[in-house]
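# Per-entry structural report
Spelled out from the first residue to the last, the chains are:
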Amino acid sequence: MKQDEQKIKKDMSWKLVYDRFDPPSESLREALCTLGNGYFSTRGAFSASSASKIHYPGTYMHGLYNRLSTHVAGKTIVNEDLVNCPDWLFLTFKVGEGEWFSLSKSKILSYRQELDMYRGTLKWNIRFKNCEGQKTSLQIQRIVSMDHPHIGAMRYIITPENYSDTVTIRRMLDGRVQNMGVERYRQLNSKHWRFSSSGTFGSNGIFLVMRTTQSHISFAQASKIRMFTYDNKEIRPGIKRLMQGKERIGQEFSIFAAENHSYSIEKTVAIYTSRDMDKRRIKSAAIAAVKKAGRFDELLDAHCNVWEGLWHKTDIDIKGDTCAQKALRFHIFHLLQTASPHTAALDAGLPARGLHGEAYRGHIFWDSLFTMPFYDYHFPEISRGFLKYRYRRLHKARQYALEHGYRGAMFPWQSGSSGREETQIVHLNPMSGEWGPDYSSRQRHVSFAIAYNIYQYWLRTQDDGFLKKYGAEIILSIAQFCASLAKFDPLDKRYHIKGVMGPDEFHEKYPGAKKGGLKDNAYTNVMVVVTLLYAREILESLPQTVQEKLRHKLKIDQKELARWEDVTRRMNIVMNRAHIISQFDGYFSLKELDWSEYRAEYGDIHRLDRILKAEGKSPDAYKLSKQADVLMIFYLLSYHEVQDLFSRLGYRFDTEDICKNYTYYEKRTSHGSTLSKVTHCFLAHLLGKKKEYYQMFLDVLNSDLNDVQGGTTPEGIHCGVMGGSIDLVMRGFAGVWIRQGALTVSPQLPAHWKKVAFRLCYRRRWIHLTVTRDTLRLYLEAGDNEDGVEVVVRDEKYILKPRQEYLIQYKKKRKKK
């Protein structure tokens, strides 16, 4: 996607701009303006800030977890958190003997903050006046290098407008940080770091080494600072003051600044941990890296070049909808910052809230179900890395299954460093202020999401090497769990599953029950069947020697395979006479909720569960859903797959039944999860509900930009909804699926969209797609061979040949007279 640089600079769909300092909005902006490179991310907090009611600086790294225990509600609970790392940003200044510059304490004359997504930069242009009437212009630019994953840098340009005076600069590396970014976690222990060492190097360098208290991960930061005059001559001021406390180190330098002359301060940091190398080497590695790093402009150019390459692969170009264009680029940008090619070699999963904050404690859930299509089609090496994260924890999943009386592998609902279950046993309701039991670990469907991701990755990439070495063992192990989870009832001759929760989460147990879990959650039961069918297909695709080796290792005999087959033909699905699928057995007997009454009283009813519990009621007693549950079946599986599956089980299910189920559950869903409207939008589009689906699409796009959940985005972005929005465009609007071993394209663009264009990597071959309302252009890039690629467009087969463009004109429907 090579574009003229000047054109890109003027294109506001690449930028997020704020034209005033707004303290109540700062925490949201800091999350939205986070910069990252797939190794570490730093929130968009102003560099002269520290944790307060306004600001929350935070730096987060894949896999850097630590556990702490706290006594809560009469119990000692242990929580593992993605740790807020020592703050490398801090840099401020003062004029003469005045106060240190602070946004909240200065008279701001003009303000502009700009996130440039194409270049991966964050800028501030600020003019302010201090209490002595001295006016200063301040220009700041920051990067987290996409070229060098261990490097971050900023440039600070100070221009005195109406004075000449001494300017003192203070910079720090601060290890006093705690995990305090989520208000409802603040009752819990949050100090994760212990001091190791700090010191100086050269004439302009400082370093700080810390270690986590329980996981014993050593962390080293090294930083250098350089100063330059307006005519680019380096200034080498002496250190005015060295601040070396137990958990921080800082320095102060003074220069004389002349009126209307600019002075540039460049701060560069390097970060390494003992997850990268032996802990004894990380300090020297950080110091060496920061010494080697060039000037800010050199780092910026290299960084921007990498970003240009990333956008060349991933950009989705929309004509006819500037709002959708900007939001979609914003989503792609943050997914790339959370997981980039730098992430592929790490032992890392995808945190549900990115590396942007502390919500969900940085844990890995099922959200990759929504993000994997983006990575599969653009960076399959990243997808492979995420799936290997699960493989490395397969032994823990087997142990977890065994502890609950099952065979095979049962993955935890919340995963962190080790693969053990990290879900809380008690949960705080912020509306009532009370702690209550947390049953969400009963969401066994997370294992089936992993199996689904493996199967889809294989379809999209044909990575047989991964399948043989890792993927097949995972999916076969999950299939063993599936078969042992399902219990046969000789009375109705059906298999049933008890004690689980679906994606809904509002329903944790039956009304009045003491134990958590529900019977025959439809989504769970369907995904068990899907997993078993996928496992059998994958097993049969493997070479005979690999099959035998895996079957011997996992102790899968013919009797077990016969049971898998039986489960896929006799699993129970509860439906009423109108063919509405019951979310779980007993759902239809629950009470209806007066939705209009609750909307009138509370306005925002996304989290109806908290509202009802604060009223002394239980969401378990009502027909309501936090998010799509039954409807997830139709989001993940094509209509033909659904029809074949239900027919296999002995149930009739038609296209009209999908519409009936959508209508039934849409009325009873609060959309308390940002993921919910992804599913509902996809189905509304599939069913031709034009006004309905596009409004939902806009809601999906604005989930984080507008913080639609009311305060959740400042704690971290929602990766699932971001991946889901891209999937809605590629699979929903452009109609890109894989069916019967071929890439299929069946576009149905929104009415006002003129064009959408993107690239995707299908089985190691890059294909360009340009979709309009009447045409489809396809272009296959040259690859390792000259083989063609089969593509089916609206049921017509084409064989794409390399370096040839195909223009396909749709057959227009005749208008009725």
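Residues numbered from 1 in each chain as written. Predicted model: local features only at pLDDT ≥ 70, side-chain atom pairs only at ≥ 80, totals over all residues. Heavy atoms only, no water.

### Quick word on the confidence of the model for the protein
With 98% of its residues at a pLDDT of 70 or more, the protein has an overall mean of 95. Low pLDDT, under 50, characterises residues 813-817; the predicted model gives this stretch 0 contacts beyond four residues in sequence or across chains. (pLDDT = per-residue confidence, 0-100. Contact = heavy atoms within 4.5 Å.)

### Notes on the packing of helix α4 (residues 296-314) against helix α5 (residues 322-338)
The contact between α4 and α5 brings their axes to 12 Å, and the two run at 120°. Classified by the angle between their axes, α4 and α5 sit oblique to one another. Of the two elements, α4 crosses α5, and the hand of that crossing is right-handed. In this structure, α4 contributes Trp307, Leu310, Trp311 and Thr314 to the contact, and α5 contributes Arg329, Ile332, Phe333, Leu336 and Gln337. For the contact of α4 with α5, the residue count by class is 6 nonpolar, 2 polar and 1 charged. (Axes fitted to C-alpha atoms, helices over the stretch in contact; angles between N-to-C directions. Helix = DSSP H or I, 4+ residues; strand = E, 2+ residues; numbered from the N terminus. Parallel < 35°, antiparallel > 145°, perpendicular 65-115°, else oblique. Left-handed = near helix turned anticlockwise from the far one by under 90°. Nonpolar A, V, L, I, M, F, W, Y, C, P; charged D, E, K, R; others polar.)

### Focus on the sheet that holds strand β29 (residues 775-780)
Spatial strand order, β20-β27-β28-β29-β32: 5 strands in an open sheet with antiparallel pairing. Edge positions in the sheet fall to β20 (317-319) and β32 (805-809), since each has one partner strand and no second. Taking the axes of each pair of neighbouring strands and ignoring which way they run, one obtains an average angle of 15° across the sheet. Looking at chain direction, β29 and β32 are connected through 5 bridges and run antiparallel. Across the sheet, Thr775 pairs through a bridge with Gln809, a residue of β32. (Pairing = 2+ DSSP bridges.)

### Structural notes on the sheet that holds strand β7 (residues 91-95)
Pairing in this open sheet of 4 strands is antiparallel, and the strands run β7-β12-β18-β17 from one edge to the other. Every interior strand has two partners, whereas the edge strands, β7 and β17 (239-244), have only one. Across the sheet, the mean angle separating the axes of adjacent strands is 20° when strand polarity is ignored.

### Regarding the nonpolar core
Judged by nonpolar contacts, the single largest core of 221 residues is most densely connected at Tyr156 and Trp366. Counting residues per element, this core draws most heavily on helix α10 (residues 464-485), which supplies 13 residues. Look past the residues within four positions of Trp366 in its chain and what remains in contact with it is Trp413, His445, Val446, Ala449, Pro503, Tyr523, Gln627, Met632 and Leu675. Judged by nonpolar contacts, the second largest core, of 22 residues, contains Phe201, Ala222, Ile282 and Ala289. (Core = buried A, V, L, I, M, F, W, Y, C linked by side-chain atoms within 4.5 Å. Buried < 20%, exposed > 50% of the residue type's maximum accessible area, 1.4 Å probe, protein only.)

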